[in-house]
Amino acid sequence: MDFLNGLVVLMNFVLIPATAYGAQLALGALGVTLIYGILRFSNFAHGDTMAFGTMITVLVTWWFQSMGISFGPLPTALLALPLGLAATAAMVLLTDRGVYQFYRTQKAKPVILVIVSMGVMFVMNGVVRIIIGVDDQRFSDGERFIFSVREFKAATGLREGMALKTTQGITVITALIVVIALFWFLNKTRSGKSMRAYADNEDLALLSGINPERVVAVTWIIVAALATIAGVLYGLDKSFKPFTYFQLLLPIFASAIVGGLGSPLGAIAGGFVVAYSEVTITYAWKKVLKYWMPESLEPSTLMQLLSTEYKFAVSFMILIIVLLFRPTGLFKGKAY
Amino acid sequence: MDQTRNILYFVAIAALIIITGMVQSWNSALLILNMGLISAVMALGVNLQWGFAGLFNVGVMGFVALGGLAAVLISTDPVSEAWSAGGLPILFALAVGAGIIGATIIAYRRITATRPRFIAMVTILGLGFFLYRALLDPAVQAVEAVNPALQGNLGGLGLPIILAWPVGGLFAAGAAWIIGKAALGLRSDYLAIATLGISEIIIAILKNEDWLARGVKNVIGLDRPVPKEIDLQESAQFIERSSALGLDPVTASALFVKLNYALLFSVVLIILLAMAQLSLKSPWGRMMRAIRDNETAAAAMGKNVTNRHLQIFILGSAICGIAGAMMTTLDGQLTPGSYQPLRFTFLIWVMVIVGGSGNNFGAVLGGFLIWFLWVQVEPISQYLVTVLTAGMAEDNAVRLHMMEGVAYMRLLTMGLVLLLVLRFSPRGLIPEK
Amino acid sequence: MAEPFLIGDAMTGGYGAGPDILHSCTIAVEPGEIAVIVGPNGAGKSTGMKAVFGMLNLREGSVRLDGEDISHLTPQERVVKGMGFVPQTQNIFTSMSVEENLEMGAFIRREDIRETMEQVYDLFPILRDKRHQAAGELSGGQRQQVAVGRALMTKPKVLMLDEPTAGVSPIVMDELFDRIIEVARTGIPILMVEQNARQALEIADRGYVLVQGRNAYTGSGQELLADPEVRKSFLGG
C-alpha cells in the first residue's frame, strides 16, 4: 500500500488533466449559456466560433513567430490572443447583423434560430477549413513544463512522477481570471446588470430604457471572447484541428445543461462535472488501485469503466440523466 | 397553377439527372438517382418530425446507422465458431444489462422516499455495471478472437437482405423511443442536443464493438436483392441483350444493377409517400398539425401532446432507419467510419427546408435536388477554380490552396443555401398547403 | 377648466390593426391627485391606461402631459418624459435583488441615485430590510412594493399602476393602498386601474367608471361611491 505514489499517478493522469479540461469546457459552456440566457437560443455554431477564433490566433501567432517575437517562457499565442479576440468579435457581430437579427425582429420561434445556427456552423466550418486546412496544427511554444516528470521525481524521490504542463497552468489561471472578470462585470457594473435584467424580463427591461441592441452587441462580444480564449487554451493544450471543436459541442452543451442553461455559475460547475466524469470514467484505474489496495485485492484487469472511445458517451449519459431527473439543471436555469 | 409548377420542379430534376447522364456518364446519373431516392426517403422521415410536430432531430445519422446495422445483422451468415465461443454469453450479458436498467426503473418507481431511492438506484446501477462487464468482457474477447481478419464478429441471421429494411426501421424506432421518452416534452433545443448525442453513441458503438459488426474493420460483400454484376457479365443471355443495345457487358451490367435498385427504392419511396400523404389528410394528421400550431390550446383540450410527439418521432426515425438499411444495401458494405454524424444530418435538413417543410412532396423534391447539388458542387467548384486560376502558374501557392479548398466548398455552399432559403423563402419550394 | 396634469383626451383606438376598444374615452389626473379607473371586466380599463402610456394604436384623440402633446411618443420615450408605469404582471426582475431592481428602475438616469433609493426605502421600509434578497423570493405584496418602487426610481412626474392589488390578500391590499397614498402625499399624481372598485374609490380623488370602452360615470371617489347607479352596477348595492 503506497499512498503517495498512487496519489501522484492520480494527480498526473486524472486530476490535473481533468481540471484543465474542466476549465476549457467551463469557458465554452459560459459562452453557450450566455447566448441562451440573453439571446434565447442554443447556438450550435459555438464550437466553430471557437475554431474560428483559434484559427485567427494561430495565424497571428505564426506571423509573430516568423518575426521573432516571443513571450519568453509563455506561449506566443497569448500575445496573439487580443487580435484573435477582436477578429472573432467582429465576425460574430457581423453574423448577428446579417443573420440572426432578422429572426429576432420577427420574433421567430427559438427552434428556428437553432436551425439557422446550424447553417452558420457549416459556413464557419467551411471558412475555417478553407483558410487553414483540416490538419493538426501546432502553435504552442515557450516552456513546455512548469515542472516535468523528471524534475518531480528528483525533488521528491518518489517512483511515480507528475508533470504540470505550462498550458495546463495557463488554462486554469486564465479561466480563473476570465470568470472573475465576467462575474464582476455581470454583478457590479451597470452594463452587466442591464444584461441580466434583459435576460430576466425582456419587456420590463425595454420599459426601463435598456437598449436591446446594445445588450445584444455586448453579449456577442463577450461570447466571442470566451469562445476564442477557450479554443486557444484547448488548442495550446492539445492541438488545433477544426474537427475537434465541433466534437466539443456535445460536452459543452452537456455542461451548460447540467449546470442549468442560462446560469453562468451553472456553466462553470457543469464544465467541471462533465470533465471530471469523462476523465474518471475512461481512465484505467489499475495503476492507482495497485498502489492503494492491499496486495490481495490488486486488480488484474485494466479497471477501465468505459474505453476512451466512448468519451463523449459520458457527456451524453450525464445529459440524459439530467434531462430525466432535473431538466432545469443544478442551478435552475431558464425555461422558455 | 401550383400543381403545374410543382410538376415542373420534378421534371426539372429529372432533366438535370438526364443531362448528367449525357454529359458525364449514365453510371453517375444512376448513382445520383439512387442516392437521391434514399435521401428522399430520409427527408420524408425528417419532414414528418418537423412538419407535423416541429421537432428538430439532429441525430438522423444515428437512426440511419441503425438501419445499416440491421442490414448486417439480418443478411450476413452466422459465424458458428464465434457463436460457440461466446455468442450465448454475450446475449446473456446484454439481457442482464437490460435487466439491471429495468431494476433501476422499478426502484425509481417503487421507492418514493428520495434518499433510499437514490441509494438503491446507484447501488443497483453500480453493482449491475460491474456484473455486466464481468459477464460481457470475456465473451466479447472470445468472439473477437475468432478469425479477426475476416470475421471476429457474431454474424447475422442469414436472411434475405431485403428483410433488413423493415427491421432497420424497427431498430431505429426502438432507439427513438428511448430518446423520445427522455427528451420530449422539454424544450426543442434539448431534443436537438439529445439526438446529436444519441447518434454519436450509436456510431461509436458501431465503430468499437467489433463483435457486433466488425467495427471499423467493416463488413463487406453484403448480400443483394438484385443480381450481381459478375453474374450478369457471365450470363450469355445478358451479353446478347447488351450487345444488341450497343453496350459492352461490363457497363451494361453496372447500369442494369443500378436500375434494379432504382426500381426497388422507388417502390419503397412511393409506398412511404402514399402513407405519409394519407396520414396528412387524415383526422390524425390534422390533429398533429393543430398541436404543432398551438400546443397550449391543444393541451388545454386534453390532447396528450408529448405522446403524440413521441409517436411522430418514432415514425419519422423508423423511416430514416429503413433508408439506412437501403443505403447499406446499395453500398454493399457497412463502413461505420463513413458515418459523419452532423454532416449528413445537416444535408437532410437542407433538403427538407429547401424542398418545403411540412410538405411531403416538397421533402422528396428537396431530397433529389440537394443530393444532386451536393454531388455536383465539387466538380463545378473545381471547374470554377480552374477557370479563376487559369492565369496562375501550376505550383502557385494560392492556386494550390484554392484547389484544396474546393473539397470544403460543399459544406459552405450548403450552409449558405440553408441560410438563404431560411431567410428569403422559408416555406421552401413546395410550401405546406 | 385648468388643463389637467395628464390627460388622455377622447381616445379612440385598439391594438394594432384590430377593432376599436376605446371609444372617445377621457381620463385625466390633476397634480397631487389619485385618479382611479374602475369598471366591469372587459370594460377597457387596462386598455385605457395602456393608451395613455402609448401601447395602443390611437386613431382619434390625444394624450398630453404637463401641457405637452405626447401622443406620438413610444412608451420608452414617455418614461423619459416622466411617466412611471407599473405593469400588472411580470413587473419585477425576479432573479435580481431588490436593490438591483431599483437600480434598473433608474436606468435612464445617469446621476447619483442613492438619494432617490433612500426615499423609496423610506416609503417601503420592508424593502430596506430585504434589499439584498432576490425579488422573486418575496411575498406577493412585497413584490408589488418592489414594482412600485422600481417605477418611482425615475422620479416620475406621474405614476401609473395597472391593477396593483391583483391576486393579493385583503390585508396586503390595505397595506398597498396605504403605501400608494403615501406616494401620492409626496406630490406625485397617480393614475390607477383597479379591480377592487370599492376600496379604490375610497382613496380616490377622482374616479372614472368605464363600460365597454366609454366613460360611463365620472366624479370624485366619494361621489361615485354614493351614486346609486354605480353602486348597483358594480359595488353590490
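Residues numbered from 1 in each chain as written. Chains lettered and ligands numbered in written order. Predicted model: local features only at pLDDT ≥ 70, side-chain atom pairs only at ≥ 80, totals over all residues.

1. Notes on the overall build of chain C
Inference 1: Looking only at helices and strands, chain C features 10 helices and 10 strands.
Inference 2: For 237 residues, the compact-globule estimate of 2.2 N^0.38 gives 18 Å, and the C-alpha radius of gyration of chain C, at 17 Å, lies within 12% of that figure.
Inference 3: Considering only C-alpha atoms, chain C reaches an extent of 45 × 40 × 35 Å along its principal axes.
Inference 4: Sequence-distant contacts in chain C: of pairs separated by 6 or more residues, those separated by 24 or more amount to 68%. (Helix = DSSP H or I, 4+ residues; strand = E, 2+ residues; numbered from the N terminus. Rg over C-alpha atoms; globule rule 2.2 N^0.38 Å. Contact = placed C-beta atoms within 7 Å.)

2. Things to note about the overall build of chain B
Inference 1: Along chain B, the regular secondary structure elements total 17 helices and zero strands.
Inference 2: On C-alpha atoms alone, chain B measures out to a radius of gyration of 24 Å, which is about the 22 Å that the 2.2 N^0.38 rule sets for 433 residues.
Inference 3: Judged by the C-alpha coordinates and their principal axes, chain B covers about 75 × 60 × 50 Å.
Inference 4: In chain B, the share of contacts with a sequence separation of at least 24, taken over all contacts with a separation of at least 6, comes to 81%.

3. Thoughts on the domain arrangement of chain B
Interfaces are often sized by the accessible area lost when the parts come together.
Residues and elements named next belong to chain B.
Inference 1: Domain assignment breaks chain B into domain 1 (2-78 + 155-424) and domain 2 (79-154).
Inference 2: Computed from C-alpha atoms alone, the centre-to-centre distance between domain 1 and domain 2 is 33 Å.
Inference 3: For the side of domain 1 that touches domain 2, the per-class residue count stands at four nonpolar, one polar and two charged. (Domains from an automatic or database assignment. Nonpolar A, V, L, I, M, F, W, Y, C, P; charged D, E, K, R; others polar.)

4. Quick notes on the environment of Leu 4 of chain A
Residues and elements named next belong to chain A.
Inference 1: As for its position among the elements, Leu 4 is in helix 1 (residues 3-39).
Inference 2: For Leu 4, a count of 12 C-beta atoms within 10 Å corresponds to the exposed category.
Inference 3: Distance from Leu 4 to Arg 159, taken between C-alpha atoms, is 9.6 Å for residues 155 residues apart in sequence. (Buried ≥ 20, exposed ≤ 12 C-beta atoms within 10 Å, placed from the backbone.)

5. Observations regarding the sheet that holds strand 7 (residues 158-162) of chain C
Residue and element names in this part refer to chain C.
Inference 1: Across the sheet, six strands lie side by side as 6-7-8-3-9-10; this open sheet has mixed pairing. Of all strands in the sheet, those with a lone pairing partner are strand 6 (83-86) and strand 10 (214-219), marking the two edges. Neighbour-to-neighbour, the strand axes of the sheet open up by a mean angle of 15°, direction not taken into account.
Inference 2: Direction of pairing for strand 3 (residues 34-38) relative to strand 9 (residues 206-211): parallel, over a ladder of four bridges. Looking at strand 9, one finds that Val 36 is bridged to Gly 207.
Inference 3: The sheet contacts of helix 1 (residues 45-53) involve strand 3, strand 6, strand 7, strand 8 (190-193) and strand 9, and relative to strand 7 the element is tilted by about 145°. (Pairing = 2+ DSSP bridges. Axes fitted to C-alpha atoms, helices over the stretch in contact; angles between N-to-C directions.)

6. Concerning the domain arrangement of chain C
All names here are of chain C.
Inference 1: Domains assigned within chain C are domain 1 (6-82 + 156-234) and domain 2 (96-153).
Inference 2: With centres defined by C-alpha atoms, the gap from domain 1 to domain 2 works out at 24 Å.
Inference 3: The partner domain 2 presents 10 residues to the 14 residues of domain 1 that form the contact.
Inference 4: Mapped onto the side of domain 1 that touches domain 2, the elements with two or more residues apiece are helix 2 (75-81), strand 7 and helix 7 (170-185).
Inference 5: Split into classes, the residues belonging to the side of domain 1 that touches domain 2 amount to 10 nonpolar, one polar and three charged.

7. Overview of the interface of chain A and chain C
Inference 1: The interface of chain A with chain C comprises 13 residues on the first partner and 17 residues on the second.
Inference 2: For the side of chain A that touches chain C, the secondary-structure elements that each account for two or more residues are helix 7 (190-200) and helix 8 (202-207) of chain A.
Inference 3: Here the element with the most residues in the side of chain A that touches chain C is helix 7 of chain A; it accounts for five residues.
Inference 4: Looking at side-chain class alone, the side of chain A that touches chain C contains five nonpolar, four polar and four charged residues.

8. Some details on the interface of chain A and chain B
Inference 1: Facing the 34 residues of chain A at the interface are 34 residues of chain B.
Inference 2: Elements with a minimum of two residues in the side of chain A that touches chain B: helix 3 (77-105), helix 4 (110-132), helix 11 (249-259) and helix 14 (311-325) of chain A.
Inference 3: Partitioned by chemical class, the residues of the side of chain A that touches chain B number 26 nonpolar, six polar and two charged.

9. So, the sheet that holds strand 1 (residues 6-14) of chain C
Residues and elements named next belong to chain C.
Inference 1: In spatial order, the strands read 2-1-4-5; together these four strands make up an open sheet with antiparallel pairing. Since the sheet does not close on itself, it has two edges, and those belong to strand 2 (22-29) and strand 5 (68-69), each with one partner.
Inference 2: Taken together, the two bridges between strand 4 (residues 57-65) and strand 5 define a ladder with antiparallel strand orientation. If you follow Arg 64 over to strand 5, its bridge partner there is Asp 69.
Inference 3: Sitting on the sheet, helix 1 touches strand 1, strand 2 and strand 4, and the angle it makes with strand 2 is about 70°.

10. Overview of the nonpolar core
Inference 1: Counting residues in each nonpolar core, the largest one holds 296 residues, and the members touching the most others are Val 41, Ala 194, Met 326 and Val 350 of chain B together with Met 160 of chain C.
Inference 2: For this core, the leading source of residues is helix 2 (residues 26-53) of chain B, giving 17 residues.
Inference 3: Not counting residues up to four positions away in its chain, the partners in contact with Met 160 of chain C are Met 49, Val 52, Phe 53, Met 83, Gly 84, Phe 85, Val 86 and Leu 191 of chain C.
Inference 4: Judged by nonpolar contacts, the second largest core, of 13 residues, contains Val 79, Ala 93, Val 143 and Leu 154 of chain B. (Core = buried A, V, L, I, M, F, W, Y, C linked by C-beta atoms within 7 Å.)

11. So, the environment of Asn 260 of chain B
Inference 1: Position of Asn 260 of chain B among the secondary structure elements: in helix 11 (residues 249-281).
Inference 2: In the structure, Asn 260 of chain B is positioned 202 residues away from Val 58 of chain B in sequence and 32 Å away in space, judged by C-alpha atoms.

12. So, the packing of helix 1 of chain A against helix 12 (residues 264-281) of chain A
Residues and elements named next belong to chain A.
Inference 1: Two numbers describe how helix 1 lies on helix 12: the axes approach to 7 Å, and their chain directions differ by 145°. Helix-helix and strand crossings are classified by hand; for helix 1 and helix 12 the assignment is right-handed. Here Val 14, Pro 17, Ala 18, Tyr 21, Gly 22, Leu 25, Ala 26, Ala 29, Leu 30, Thr 33 and Leu 34 of helix 1 come into contact with helix 12, specifically with Pro 264, Gly 266, Ala 267, Ile 268, Gly 270, Gly 271, Phe 272, Val 274, Ala 275, Tyr 276, Val 279 and Thr 280.
Inference 2: For the contact of helix 1 with helix 12, a count of residues per class yields 17 nonpolar, six polar and no charged. (Left-handed = near helix turned anticlockwise from the far one by under 90°.)

13. Some remarks on the arrangement of the chains
Inference 1: In this assembly, two pairs of chains are in contact, and the pair with the greatest number of contacts comprises chains A and B.
Inference 2: The two units chain B and chain C remain apart, with a minimum C-alpha distance of 20 Å.

14. Let's talk about helix 2 of chain B
Residues and elements named next belong to chain B.
Inference 1: In this model, helix 2 (28 residues) spans 39 Å end to end at C-alpha, consistent with the 40 Å of a helix rising 1.5 Å per residue.
Inference 2: Roughly 30° is the biggest bend found in helix 2, and it falls at Asn 47.
Inference 3: Immediately beyond the C-terminal end of helix 2, within one or two residues, lies Gly 54, with a positive phi of roughly 65°. (Expected span 1.5 Å × (residues − 1). Bend = angle between axes of the 7 residues up to and from the residue.)

15. A closer look at the pairing of strand 9 of chain C
Residue and element names in this part refer to chain C.
Inference 1: A large share of strand 9 lies buried, amounting to five of its six residues.
Inference 2: In this structure, strand 9 lies alongside strand 10, joined through five bridges in antiparallel fashion. Bridge pairing links Val 211 to Arg 214 in strand 10.

16. A closer look at the environment of Leu 31 of chain B
Inference 1: Note that Leu 31 of chain B resides in helix 2.
Inference 2: Taking C-alpha positions, Leu 31 of chain B is 9.8 Å from Ile 17 of chain B, a pair spaced 14 residues apart along the chain.

17. A look at unusual backbone geometry
Inference 1: The phi dihedral of Arg 214 of chain B falls on the positive side, at around 70°, and the residue is not glycine.
Inference 2: Note that Arg 214 of chain B resides in the loop between helix 8 (210-213) and helix 9 (229-234).
Inference 3: On the neighbour-count criterion, Arg 214 of chain B (26 C-beta atoms within 10 Å) is buried.
Inference 4: Located in the positive-phi region is Gln 212 of chain C, a residue other than glycine, with phi close to 50°.
Inference 5: Note that Gln 212 of chain C resides in the loop between strand 9 and strand 10.
Inference 6: Among the residues examined, Gln 212 of chain C registers 13 C-beta atoms within 10 Å and is labelled partly exposed.

18. Regarding the packing of helix 11 of chain B against helix 14 (residues 305-331) of chain B
All names here are of chain B.
Inference 1: It is at 12 Å that the axes of helix 11 and helix 14 come closest, and there the two elements cross at 180°. Classed by the angle they form, the pair helix 11 and helix 14 counts as roughly antiparallel. Each of Tyr 261, Phe 265, Val 268 and Leu 272 in helix 11 lies in contact with helix 14, whose residues at this interface are Ile 319, Ile 322, Met 326 and Leu 330. (Parallel < 35°, antiparallel > 145°, perpendicular 65-115°, else oblique.)

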